[in-house]
Amino acid sequence: MVWPLGKGRIIRIPLLPVENELPEQARFSTRLIAWQKREGRHDLPWQQTRDPYRVWLSEIMLQQTQVATVIPYYQRFLASFPDLAALAAAPIEAVIEHWAGLGYYARARNLHRCAQQLVTVNAGKWPKNLDQLTELPGIGRSTAAAIAAFAFGQRAAILDGNVKRVLCRHFAIDDFPAQAAVDRKLWALANELLPDSDIEAYTQGLMDLGATLCTRSKPQCLRCPLAETCLARQQGRQAELPVAKVRVAVPERRSTFVIISDGQRILLERRPPSGIWGGLLVPPEGEAGTVLANLGLTLENAEALPPLRHAFTHFRLTLEPIFCLVSKTSNAAEAGMEWVDLAKASHAGVPTPIRKLLKRVASAKD
Ligand code: SF4
């Protein structure tokens, strides 16, 4: 099979010789399904259910996040919001607080919007149609396919980062997978490879293989069910594939966070619902003198704390904390802020780097 990629560029997939005779596709899925049933993961908390709510929640949490990190969040979230109706009725602040530390907070906001949309517009029912699923907030094509496969047993192709890695290696695809043309072709390939039956085991098998054997570094090819036909393994190119994006310098930003304390409590403000850390609590940002003056607070003592670096997807942030002990407390509620007990602040709905910062402050002030 040859994929044209515009002027003069092609991708060759030698192991898929004739479009309508699919011996390789059949072998690919058969081996993967057998391996998943024998050695794949079967005891994750979101398996053994066809409840689309649970499948959806796990798929959203698993985006960009490892299974071990997701499990406690998933369990706490379900305990508080056991179904669509409970989630739709919850205030967004409570949802964000359950997400605090998991990152990529747009996922939590979309989860809430999606639940509200399904409850108000669709009487709390999930659409089974793939296109309708992808129209819901926060549900992309691959997530929709996973929901369709796991909740409704439908034959639909997933293509997340792990699956792209498996396909790029197995078929020795030499182009950067995020290129639009390559992405289209990977979708076509993912569809061609779909088995006629056992879609749940196949879909789970792809996920398990990408997460446990065909990992980003040091793939365990000797244990891989696809080793016999994997071109990357045959060519010794596992480390080269998938082709990495050309690295560009990540912008660096710095920002001062003013940790205002009256000795027992600290002052936190809630971010607007959208944007970085949307809906979460953080210390006020800006020049300390100006922040204190705006709040009508009297400074007793100020101390610069060691900076802390945090990587976002598109930039790196250096947080420069300054601890300010104040003698006169303001009406925080009027200023749109909350006084939070210092010992408990790191457990409030705060983002991960702020949690680290507050833990440092709490242990230093013990
Ligand atoms: S043989 Fe190795 S590189 Fe190929 S799919 Fe399996 S684990 Fe990945």
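Residues numbered from 1 in each chain as written. Predicted model: local features only at pLDDT ≥ 70, side-chain atom pairs only at ≥ 80, totals over all residues. Heavy atoms only, no water.

**Overview of helix α9 (residues 161–170)**
Rules: Per-residue accessibility, obtained with a 1.4 Å probe over protein chains only, is compared with the maximum for each type, and a residue is labelled buried under 20%, exposed over 50%, and partly exposed between these values. Here a strand is any run of E in DSSP of at least two residues, a helix any run of H or I of at least four, and the numbering for each starts at the N terminus.
Most of α9 sits out of view: 8 of its 10 residues are buried. Along α9, the residues classified as buried are V163, K164, R165, V166, L167, C168, R169 and H170. Among the residues trailing α9, A172 stands out with phi positive, at a value near 45°.

**Examining the domain arrangement of the protein chain**
Basically, it comes down to this: For the domain bounds, the source is a domain assignment made automatically or taken from a database. Should any heavy atoms of two residues lie within 4.5 Å, those residues are considered in contact. As used here, buried area is the combined drop in accessible area, with a 1.4 Å probe, of two parts when they are placed together. One speaks of a salt bridge when a side-chain nitrogen belonging to Lys or Arg is within 4 Å of a carboxyl oxygen belonging to Asp or Glu. Polarity classes work like this: nonpolar for Ala, Val, Leu, Ile, Met, Phe, Trp, Tyr, Cys and Pro, charged for Asp, Glu, Lys and Arg, and polar for all others, with Gly in that last group.
You can read the domains of the protein chain as domain 1 (2–235) and domain 2 (252–364). If you look at the interface, domain 1 gives 9 residues, while domain 2 gives 14 residues. Contact between domain 1 and domain 2 buries roughly 800 Å² in total, counting both sides, with carbon and sulfur atoms accounting for 52%. Between the two partners, domain 1 and domain 2, sit 1 salt bridge. A salt bridge links E97 to R270; its shortest N-O distance comes to 3.5 Å. Counting residues per element, the side of domain 1 that touches domain 2 draws most heavily on helix α5 (residues 92–99), which supplies 3 residues. Taken together, the residues of the side of domain 1 that touches domain 2 break down into 5 nonpolar, 1 polar and 3 charged.

**Examining empty space enclosed by the protein**
Leftover empty space is mapped by rolling, across the atoms, a probe with the size of a water molecule. Rules: For each structure, a 1 Å grid was placed over the protein atoms alone; sets of points admitting a 1.4 Å probe that cannot get out are labelled cavities, open sets with protein on both sides within 12 Å along at least five of seven lines are labelled pockets, and lining residues have an atom within 4 Å of a point. Grid points are joined across faces, edges and corners, and a volume is the space filled by probe spheres set on the points.
By the definition in use, this model includes 2 cavities of 30 Å³ or more. As a volume, the largest cavity reaches approximately 120 Å³. As for the largest cavity, its lining consists of 15 residues, and the residues nearest its centre are R169, C214, C221, C224 and C230. At 3 residues, the largest contribution of residues to the lining of the largest cavity is made by α9. Here the residues of the lining of the largest cavity sort into 10 nonpolar, 3 polar and 2 charged. The space that makes up the second largest cavity amounts to roughly 50 Å³.

**Concerning the nonpolar core**
For soluble globular proteins, the rule of thumb is that nonpolar side chains tend to be buried together. Here is the rule: What we call a nonpolar core is a set of buried Ala, Val, Leu, Ile, Met, Phe, Trp, Tyr and Cys residues that are connected through their side-chain atoms within 4.5 Å.
Membership of the largest hydrophobic core comes to 99 residues, with the highest contact counts inside it found for W56, F77, W126, L167 and W277. In this structure, this core is formed jointly by two domains, domain 1 (2–235) and domain 2 (252–364), each of which donates at least three residues. Apart from residues lying up to four places away in sequence, F77 is in contact with Y53, L57, M61, L87, V95, H98, W99 and L111. Of all hydrophobic cores here, the second largest spans 13 residues; its members include V258, V291, L292 and V326.

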